[in-house]
Amino acid sequence: FVPILMYHHLVANDEANAKGAQNLNVTPEIFESQVNYFINKGYQTIFLDELRDGLKGNRQVPAKPLIITFDDSYKELYYVLFPLMKIKNFKATVFVISQFLDGENYLSWSQLKEMASSNLLEVGGHGLNHLVLSEKSGEEFIRNQIVSSQKIINERSGRPVKVFAYPYGAYNATAEKVLREAGFTAAVRSSGGVNPVCAGLPYEIPRIRIGNAALSNFGL
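Since the model is a prediction, treat every value here as computed from it, not as a measurement.

Break down the overall build of the chain for me, with residues and values.
Within the chain one finds seven helices and 10 strands. For the chain, the C-alpha radius of gyration of 16 Å lies close to 17 Å, the compact-globule estimate for 220 residues. With the C-alpha coordinates aligned to their principal axes, the bounding extent of the chain is approximately 45 × 40 × 30 Å. Excluding contacts between residues fewer than 6 apart, the proportion of contacts in the chain whose partners are at least 24 apart in sequence is 64%. For the chain, the accessible surface area stands at approximately 9800 Å², while carbon and sulfur atoms represent 48% of it.

Right, here's the structure in full:
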């Protein structure tokens, strides 16, 4: 059982109220308290790709592994998340919407590259522009959203992109096929809680949507 946490925004309460969707917004103070909680409980953070290697028997994972993920690559990750990562020495995965970077509310490519060069950040894909991947879209559309984004992030971040988060949590057999052919080792959903991570299903891995809730609510 490997807890995989899903976050989006790290913002103060007034900003969170303006943005709505409270379970997607966590205040910096609460997030830091959650990080301290995990450290005190003996959890050790790993990357999704490291988990996949562990499931294949190619890497030893910690006794209490934990994966922290952020969707959408918002700009506050550089100013809030990154300094805390360096102080507390924990890892995180950020899923990037390639066409949104350098936008007003998003990380710049230079910020992402700096974060990735610390070796504390795993860079993942989240599509070209955060569109739903559905069977109605067709394989060409899905392939463009996944593979074109992967190539852009590879080039701009200087890191190989091997993991993916489905926009809005929507996935299907075609998306999984494209991910496999493009060399992705794992993909995550936006729900599912703490479930066994099965080596045979690396493209349907569940996550916990934490928000500002008490961690004890999730049995962590």
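Describe helix α7 (residues 173-181), with residues and values.
Looking at α7, one finds that the buried residues are Thr174, Ala175, Glu176, Val178 and Leu179. The distance from a side-chain oxygen at the start of α7 to the backbone nitrogen of Thr174 is 3.1 Å, and the residue carrying that oxygen is Asn172. Backbone geometry just downstream of α7 places Gly183 in the positive-phi region, at approximately 90 degrees.

If you had to explain the nonpolar core to someone new, which residues and values would you point to?
The biggest cluster of nonpolar side chains holds 47 residues, and the ones touching the most others in it are Leu5, Phe31, Phe70, Leu81 and Ile146. The element contributing the most residues to this core is helix α4 (residues 76-88), with five residues. With near-sequence residues (within four places) excluded, Leu81 lies in contact with Leu10, Phe31, Phe70, Glu76, Phe90, Ala92 and Val94. If you look at the next biggest cluster of nonpolar residues, it comprises 12 residues, including Ile4, Ile67, Phe95 and Val188.

Please provide a residue-by-residue account of the packing of aromatic side chains, values included.
The full count for this structure, using the stated rule, is 13 aromatic pairs. Ring plane angle 25 degrees and centroid distance 5.2 Å describe the contact between Tyr74 and Tyr106, whose orientation is recorded as stacked. Here Tyr74, found in the loop between β5 (65-71) and α4, pairs with Tyr106, found in the loop between β6 (92-96) and α5 (109-117); they are 32 residues apart in sequence, far enough to count as distant. Considered together, Tyr74 and Tyr106 belong to a single accessibility category, that of buried residues. Taken together, the aromatic side chains of Tyr7, Phe31, Phe70 and Phe90 make up a single cluster linked through ring pairs. Over the aromatic face of Tyr43 sits the side chain of Lys64, whose NZ or CZ is 4.4 Å from the ring centroid. The ring centre of Phe82 lies 4.3 Å from the NZ or CZ of Lys86, which sits over that ring.

Could you give me a rundown of unusual backbone geometry, with the residues and numbers involved?
Positive phi, normally seen in glycine, also occurs at Asn89, with a value near 55 degrees. By relative accessible area, Asn89 is classed as exposed at 58%. Notably, His130 is not glycine yet its phi reads approximately 60 degrees, a positive angle. Examined against the element boundaries, His130 turns out to sit in the loop between β7 (121-125) and α6 (139-157). Using a relative accessible area of 14% as the deciding quantity, one classes His130 as buried.

How would you summarise the packing of α6 against α7 if you had to cite specific residues and measurements?
With their axes 10 Å apart at the nearest point, α6 and α7 run at an angle of 45 degrees to one another. One element, α6, and the other, α7, form an angle in the oblique class. When the axes of α6 and α7 are compared, the crossing they make is right-handed. Each of Glu139, Ile142, Arg143, Ile146 and Val147 in α6 lies in contact with α7, whose residues at this interface are Thr174, Ala175, Lys177, Val178, Leu179 and Glu181. By residue class, the composition of the contact of α6 with α7 is six nonpolar, one polar and four charged.

Criteria and thresholds
- Numbering of residues starts from 1 in every chain and runs along the sequence as written.
- Residue-level local features of this predicted model are given only where pLDDT is at least 70; pairs of side-chain atoms are given and counted only at 80 or more, and the full residue set underlies all totals for whole chains, interfaces and linings.
- Side-chain descriptors were evaluated using all non-hydrogen atoms of the structure, hydrogens and water having been removed beforehand.
- Helix and strand definitions here come from DSSP, where helices need a minimum of 4 consecutive H or I residues and strands a minimum of 2 consecutive E residues; each element is numbered from the N-terminal end.
- Using C-alpha atoms as the atom set, the radius of gyration is obtained and then compared with a globule rule of 2.2 Å times the number of residues to the power 0.38.
- Residue contacts follow a heavy-atom distance rule, with two residues in contact if any of their heavy atoms lie within 4.5 Å.
- Calculation of accessible area relied on Shrake-Rupley with a 1.4 Å probe; when residues are assessed, cover is drawn exclusively from the protein chains displayed.
- Buried, partly exposed and exposed residues are distinguished by accessible area as a fraction of the type maximum, computed with a 1.4 Å probe on protein chains only: under 20%, between the cut-offs, and over 50%, respectively.
- Pairs of N or O atoms are called polar contacts if they sit within 3.5 Å, as long as, within protein, a hydrogen donor faces a hydrogen acceptor (for residues adjacent in sequence, only side-chain-to-side-chain pairs).
- By nonpolar core we mean a set of buried residues, namely Ala, Val, Leu, Ile, Met, Phe, Trp, Tyr and Cys, connected to one another through side-chain atoms within 4.5 Å.
- Stacked, tilted and edge-to-face pairs are distinguished by plane angle, under 30 degrees for stacked and over 60 for edge-to-face with tilted covering the rest, among Phe, Tyr and Trp rings (Trp via its six-membered ring) whose centres lie within 6.5 Å.
- Definition used: whenever NZ (Lys) or CZ (Arg) falls within 6 Å of the ring centre and also within 35 degrees of the ring normal, the charge is taken to sit over that ring.
- A fitted line through C-alpha atoms serves as each axis, taken over the contacting stretch for helices, and the angle formed by two N-to-C directions is quoted from 0 to 180°.
- What sets the label is the angle itself: under 35 degrees gives roughly parallel, over 145 gives roughly antiparallel, 65 to 115 gives roughly perpendicular, and the rest give oblique.
- It is the rotation of the near helix from the far one that decides the hand of a crossing: anticlockwise by less than a right angle makes it left-handed, clockwise makes it right-handed.
- Residues were grouped as follows: Ala, Val, Leu, Ile, Met, Phe, Trp, Tyr, Cys and Pro as nonpolar; Asp, Glu, Lys and Arg as charged; and all remaining residues, including Gly, as polar.

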